[in-house]
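Chain by chain, the residues run as shown.
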Amino acid sequence: MSRRVRRKVARKGKDKVVLPSYPELEDEGSSLDQKVVVDWTRLPDDTVIQLFTCLNYRDRASLSSTCRTWRVLGISPCLWQSLDLRPHKCDTTTTASLASRCVNLQKLRFRGAESADAIISLKARGLREISGDYCRKISDATLSVIAARHEALESLQLGPDFCERISSDAIKAIAICCPKLRKLRLSGIRDVDGEAINALAKHCRNLTDIGFIDCLNVDEIALGNVLSVQFLSVAGTTNMKWVLVSQHWGKLPNLTGLDVSRTDVVPTVLRLLSSSRSLKVLCALNCPALEEDSSFSNNKGKSLLALFTDIFKGLASLFVDISKQERNIFSDWRNLKKKDKNLDEIMNWLEWILSHSLLRIAESNPQGLDNFWLSQGAALLLSLMQSSQEDVQERAATGLATFVVIDDENASIDGGRAEAVMKDGGICLLLNLARSWREGLQSEAAKAIANLSVNANVAKAVAEEGGINILANLARSMNRLVAEEAAGGLWNLSVGEEHKGAIAEAGGVKALVDLIFKWSTGGDGVLERAAGALANLAADDKCSMEVAVVGGVHALVMLARNCKFEGVQEQAARALANLAAHGDSNSNNAAVGRETGALEALVQLTRSPHEGVRQEAAGALWNLSFDDRNREAIAAAGGVEALVALAHSCSNASPGLQERAAGALWGLSVSEANSIAIGREGGVAPLIALSRSECEDVHETAAGALWNLAFNPGNAFRIVEEGGVPALVHLCSLSASKMARFMAALALAYMFDGRMDEFALIGTSSESTSKSVSLDGARRMALKRIEAFVLTFSDPQTFAAAAASSAPASLSQVTESARIPEAGHLRCSGAEIGRFVTMLRNPSSILKACAAFALLQFTIPGGRHAVHHVTLMQNAGAPRVLRAAAAAANAPLEAKIFAKIVLRNLEHHQTELNSKE
């Protein structure tokens, strides 16, 4: 049944508006300007059927369920001439339920052995075409039964993955049972013996297209007996005896196209084969022996398609009446008004074998093909994507997704190849494919868009062409493979800050969260991509709030708690870390902590055997520890023990893991109770070890943790015992990070401001003398380093000018030269501020200068927590102590100047506060 439904088009301004056709109303003179209420139940049957043809099978079923009339129309034979079972879990129960619709089924595509076993239950004895992939587990018995039940079969294709369990016995059964067979393409057969091929020659007299692809052994002599064959492919097949090939295949009377791509064929054989009168085209892509022989050329009027030839020119040579650009040869052929059946057969075969070989070459990614991909490979794939053959379109899209990838592990792509696709209009083509109702095309197009979008320029083009809306819609698909690839596209696009808002506006955040609930079990790939995209989006403040609003916190915690797949765990933990990273700007940090099981799950993930999972879990705990309640809850969930163990184990790990392990302990140690627990649990030694890292980010977090720990005299003493003083001195001297040097100096100041001495005397009765000596040596080393550190921020000339006048300009100059910008993010407690104020009275002039320098950093206007620190200092009576320090005759010049600047900072903040009031 093939009816054409005519549509009326009304024009409103410059826009076309497609209106439904109502023949029964046309005579009533209704005006186009009148508002018409559409009664969908009165649509003509052929219009409804046309609607059905635009839907996938799942949506057809939904539409059929709306009323009795549409249920009847939904089983119309014209809607069930082809069936693609690949997106669906298909067993005998499913196929039995479809059997009543499949009486007139002509074409079937399936995936996997279970679906193959179930095909028989369809009872579609009139099937003409069967195509299957993921066929590794399909057995001879299954294939033989399929052949026996479908005697009208004209085309059978299994691949491109290897059919490891299929032997020549099944091929003989196919030959005997399917005498109408015209096309047989099988991949990865171990041995195709002469008996099987001779059976094909005997019983299948119409067999014109044979493909034994990526096989181990094929009987070359027997293939010479299949006189009906017009198109033959042995691409990727090994152990070929090329002497026998040249002797027997050249005599095949109808052989029109031969594909020997990815084999070890030698030039001599092709020269002999070129003498065939019927042969028109030879395809020999990625044949090393040919490419190494620079003298090889095709001089007998045959079109040779190889990596070293101009393939478009070779294709154009098949035509005599096309004078347009060779690069447009495929589109020109498709648009020919006068069709040539023989030429169409050749071109359809060439589309198939080119798409197959280009994908295989892209998958193996051999070296030295950059020029080929840039000059013609990308353009070939784009041309093939416009084929009328659905499987060719899919393979071409998969080829585009594959050939740009350099490194799967690190998601690296070749920028030149990606931009070649974009330059040739590939983005629009892929997006158009992604709009198709065919889910196979949707999946492969989304995969290509995802991979290409790793390139920032391509990502921008995808966004500008409406790709974000398309991917967000595909992410809502009920087909897991489509949703997975769409989520991957959103993951890669969300790397760009400029795309995050657009993804949220397109409903992408909710679609991704819904994916997690929809495929919470059995969908590791889609879950990893959805969590990865949410992790990127959660790094943006507004998007992070959207993630929380649509249930993202619960979804991600569910993954962290229940999913066992490492990739999903890593991305879920990263997403939770980013959600908790916005501080006071939103309430997500506290929300994650309140979610049942969240903190326990993250603590457990720090014990994962996978480094990436441990790193992201530790990062999440670090961010969450900025919230007071979370900090204590993490400790209660065993976080101290887990993170100390993690710090112990990561001495040889990546800098990222080291940074986050030390950072999480730094965050927990803000609480004195946690600080003491970390010390008792053995956390001092690994932090000292991490402070010796070569990475400055690790320096900062390790120094920060040791600074917090050193506030407690017991921990300070442990740091000395574990050899921490030389490590901190080294850090304070040589780290490239000013912040690391600053916090190392503060840790040393805490350790030797006098409080540890009392603890050391109480805790070491029998070894008091030796400990006292070691403490004296450590103290001298520490004070010397602190003094040197402070002096690096003091220019004698600038300080002298400030001491002489105390003018605002002079003090501002000192402030700017002494300022450590990152120190403005540090937040001190009242006890810590009080300790620095007390240190201003310390007998040591070095500690006085250090304390004044620290208070300067904490009160510089514009600092994130400057107002908080000023309030604490006012409460601690700091102004009086600062005035005394600034006026002290015996204080060092640095301490005096820094004290004056701190007083000025206090006055500045007080003035601002008064003006607000």
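In case you missed it, the structure is sitting above this.
**Looking at helix α2 (residues 57–64)**
Helical geometry note: an α-helix holds 3.6 residues per turn, so side chains three or four residues apart project in the same direction.
Then step 1. Residues of α2 that are buried: Tyr57, Arg60, Leu63 and Ser64. Looking straight down α2, one finds that the buried residues subtend no more than 120° of arc, so they occupy a single side.

**Quick look at the nonpolar core**
Then step 1. Ranked by internal contacts, the top residues of the largest apolar core, which has 232 residues, are Phe330, Leu350, Trp707, Phe742, Met751, Phe836 and Phe858.
Then step 2. Residues contacting phenylalanine 330, with those up to four places away along its chain left out, are Phe312, Leu315, Met347, Glu351, Leu354, Leu380, Ser383 and Leu384.

**A closer look at the environment of cysteine 850**
Then step 1. Among the secondary structure elements, cysteine 850 is positioned in helix α47 (residues 845–859).
Then step 2. Each C-alpha atom of the pair cysteine 850 and alanine 116 lies 77 Å from the other, and the pair is 734 residues apart in sequence.
Then step 3. Residue contacts for cysteine 850: discarding those within four places in its chain leaves Ala745, Leu746, Ala749, Ile786 and Val790.

**As for the pairing of strand β6 (residues 155–158)**
Then step 1. Burial along β6 is two-sided: Ser155 and Gln157 facing one way and Leu156 and Leu158 facing the other are all buried.
Then step 2. Bridge count between strand β5 (residues 129–133) and β6: four bridges; the pairing is parallel. Within the sheet, the bridge partner assigned to glutamate 129 lies in β6 and is serine 155.
Then step 3. With respect to chirality, the unit in which β5 leads through helix α6 (residues 140–149) into the neighbouring parallel β6 is right-handed.
Then step 4. Pairing analysis gives four bridges linking β6 to strand β7 (residues 183–187), with the strands arranged parallel.

**Side note on unusual backbone geometry**
Then step 1. Here the bond from glycine 159 into proline 160 is cis, since omega is 10°, no more than 30 degrees from zero.
Then step 2. Structurally, proline 160 is set in the loop between β6 and α7 (168–177).
Then step 3. Positioned with a positive phi, lysine 123 is a non-glycine residue whose angle comes to about 55°.
Then step 4. Secondary-structure assignment places lysine 123 in the loop between α5 (112–118) and β5.
Then step 5. Residue lysine 123 is classed as exposed on the basis of its relative accessible area of 63%.

**Some thoughts on the packing of aromatic side chains**
Then step 1. Inspection of the entire model under this criterion finds 16 aromatic pairs.
Then step 2. Aromatic ring contacts, followed pair by pair, group Trp707, Phe711, Phe742, Tyr750, Phe789, Phe793, Phe799, Phe836, Phe853, Phe858 and Phe898 into a single cluster.
Then step 3. Across from the ring centre of phenylalanine 711, 4.9 Å away, lies the NZ or CZ of arginine 835, which sits over that ring.
Then step 4. Its end group placed over the ring of tyrosine 750, arginine 835 keeps NZ or CZ at 4.6 Å from the ring centre.

**Thoughts on the packing of helix α38 (residues 696–710) against helix α39 (residues 713–721)**
To describe two helices that pack against each other, one gives the angle between their axes and the distance between the axes.
Then step 1. The N-to-C vectors of α38 and α39 enclose an angle of 125°; their axes lie 7 Å apart at closest approach. Relative to α39, the element α38 is oriented oblique. Contacts between α38 and α39 involve Leu706, Leu709 and Ala710 from the first element and Asn715, Ala716 and Ile719 from the second.
Then step 2. Looking at side-chain class alone, the contact of α38 with α39 contains five nonpolar, one polar and no charged residues.

Criteria and thresholds
- Residues numbered from 1 in each chain as written.
- Predicted model: local features only at pLDDT ≥ 70, side-chain atom pairs only at ≥ 80, totals over all residues.
- Heavy atoms only, no water.
- Buried < 20%, exposed > 50% of the residue type's maximum accessible area, 1.4 Å probe, protein only.
- Helix = DSSP H or I, 4+ residues; strand = E, 2+ residues; numbered from the N terminus.
- Arc of directions from axis to C-beta.
- Core = buried A, V, L, I, M, F, W, Y, C linked by side-chain atoms within 4.5 Å.
- Contact = heavy atoms within 4.5 Å.
- Pairing = 2+ DSSP bridges.
- Right-handed = clockwise from strand over helix to strand, strands pointing away.
- Phe/Tyr/Trp six-rings, centres within 6.5 Å; stacked < 30°, edge-to-face > 60°.
- Lys NZ or Arg CZ within 6 Å of the ring centre and 35° of its normal.
- Axes fitted to C-alpha atoms, helices over the stretch in contact; angles between N-to-C directions.
- Parallel < 35°, antiparallel > 145°, perpendicular 65-115°, else oblique.
- Nonpolar A, V, L, I, M, F, W, Y, C, P; charged D, E, K, R; others polar.

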